[in-house]
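Survey of secondary and tertiary structure
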Amino acid sequence: MRELPRSFWIIAGGTVANRIGGMVVPFLVFFLGAHQVSEQDTGWIVTALGAGGVAGSVLGGWLADRAGHRTTLLIGLLAAPASLGFLFAAPGVPVMAAAAVLVGVTAKIYPPAAAALVADGVTGAQRLRAFSLIHWAYNIGAAGAAALAGFLAAHGFGLIFAIDAGTSLLFAAIVVAGIPRTGRRTRPAGGTGYGILLRDKLMLAFVALALSQEIVYSLTEYAVPLSIRLDGLSPAVFGTVAVVNAALVVLLQPVVYPVVARLNRYAVLAGATAVVGLGIAATGLGHTPLWYAITTAIWSVGEVAGGIVAGAIAADLAPAGAQGRYQGVITWTAASARLIGPAVTTWLFSTAGPGALWSATAVTGVVGAVCLLALAPALARRSVPAPAPALVPA
């Protein structure tokens, strides 16, 4: 770990701080309920938030390559508190929906720049290690947020909004203090648009697989709690699911990493993809709190293994000067899945029934694993470190 550059530790520390404060989005439904927003309007506002995230991912990737990684980081981290304040003070549903779009956009501007900054600072085995640690830092922060959010919500949503905004500002301060302005920035490869990525067939194939697997994972945030509710179980069961997942990811990743790092990372990712798909699909086979805990443990193990190897693959595929856009499209897959997953869940639950959803989840996981193995030789050929990016005056 001592070999990793200073910029990596700045991003890792800022990620932990920012994620610990990231409580507004998970508790948005409860915030809207406290303001007597109807279920239908809540759905529209949550959809607006997701749409903003999709747009913000694309914008963040473009800005990272166009304006520079440090500048884009600061734009996102300083704009996020303003959008949160707008949402907190919004007087009605139309304004709340507009504010939710802004929250979604600003929340997704900085992640592509942060990932690009890490990718440009490390290569080879260091890159695998760095992205694995970033994934771990993210989950440590998320676990801290889960532990604090319920307590803080009981004392008013103002605290949640204030802490969320404050941790973004803290991350910005860490960036200002720890990452110096170089006076020079990377020349964008292939121009400033996404044409370079759209011409990269291998990356497009990887993005399609990543999107399908993010949709599968999004079921843990919507289909699993819906299944718990339909089984007549308490919301506390879903709280247990969240705790089991967070604890396993935080505790297992340092233990699993030394083993996974010695294996073929594409085979590891394929195996993780299958385990996550089958583990989530197994949700439909039981209806007790214990069964939900067991299935959560299964897909959490897959999440740990996949999280160790997945982040570095997109970084290896990116040409010099295009890291921001390549990381932006990976962020886009996660944001898009949060829109598609609930829609697919609702449609299948209401038409074909829960069994069809869980079967489709298992098939998607297994087919995704097979496709990843088929792509592995081509992905491995592209993992050779790229030449240093060209610099131009800032």
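Parameters at a glance
Residues numbered from 1 in each chain as written. Predicted model: local features only at pLDDT ≥ 70, side-chain atom pairs only at ≥ 80, totals over all residues. Heavy atoms only, no water. Helix = DSSP H or I, 4+ residues; strand = E, 2+ residues; numbered from the N terminus. Buried < 20%, exposed > 50% of the residue type's maximum accessible area, 1.4 Å probe, protein only. Contact = heavy atoms within 4.5 Å. Phe/Tyr/Trp six-rings, centres within 6.5 Å; stacked < 30°, edge-to-face > 60°. Axes fitted to C-alpha atoms, helices over the stretch in contact; angles between N-to-C directions. Parallel < 35°, antiparallel > 145°, perpendicular 65-115°, else oblique. Nonpolar A, V, L, I, M, F, W, Y, C, P; charged D, E, K, R; others polar. Salt bridge = Lys/Arg side-chain N within 4 Å of Asp/Glu carboxyl O.

It is worth spelling out the overall build of the protein chain at this point. The secondary structure content of the protein chain amounts to 15 helices and 2 strands. Over its C-alpha atoms, taken along the principal directions, the protein chain stretches across nearly 60 × 50 × 35 Å. Relative to its full complement of 394 residues, the protein chain shows a buried share of 50%. Taking contacts inside the protein chain between residues at least 6 apart in sequence as the whole, the part at least 24 apart equals 85%.

Below, the discussion takes up the packing of aromatic side chains. For the structure on display, the rule yields 8 aromatic pairs. Note on Phe 8 and Trp 9: the rings are 4.8 Å apart at their centroids and 75° apart in plane angle, and the pair reads as edge-to-face. Centre to centre, the rings of Phe 31 and Phe 161 are 4.9 Å apart; their planes meet at 55°, and the pair counts as tilted. Here Phe 31 is found in helix 2 (residues 28–34), whereas its partner Phe 161 is found in helix 7 (residues 157–178), with 130 residues between them in sequence. Overall, the relative accessible area of 6% leaves Phe 161 in the buried class. Chaining the aromatic ring pairs together yields one cluster made of Phe 31, Phe 88, Phe 157 and Phe 161.

Quick look at the packing of helix 14 (residues 323–351) against helix 15 (residues 354–381) now. Where helix 14 meets helix 15, the closest approach of the two axes is 6 Å, and the angle between their N-to-C directions is 135°. Between helix 14 and helix 15, the interaxial angle falls into the category oblique. Where helix 14 approaches helix 15, its residues Val 344, Thr 345, Leu 348 and Phe 349 are matched on the opposing element by Pro 354, Ala 356, Leu 357 and Trp 358. Here the residues of the contact of helix 14 with helix 15 sort into 7 nonpolar, 1 polar and no charged.

A few words on the pattern of salt bridges. Evaluated as defined, the whole model comprises 6 salt bridges. For Glu 214, the salt bridge identified is with Arg 338, shortest N-O distance 3.0 Å. With Glu 214 in helix 9 (residues 201–218) and Arg 338 in helix 14, the pair connects residues that are 124 residues apart, well separated along the chain. For Glu 214, a relative accessible area of 24% puts it in the partly exposed group. With relative accessibility at 29%, the residue Arg 338 sits in the partly exposed group. One salt bridge connects Arg 265 with Asp 316, and the closest N-O pair in it is separated by 2.4 Å. Pair noted here: Arg 265 is in helix 12 (residues 265–281) and Asp 316 is in helix 13 (residues 289–317), with a separation of 51 residues, a long-range link. Accessibility expressed as a relative area gives 15% for Arg 265, which makes it buried.

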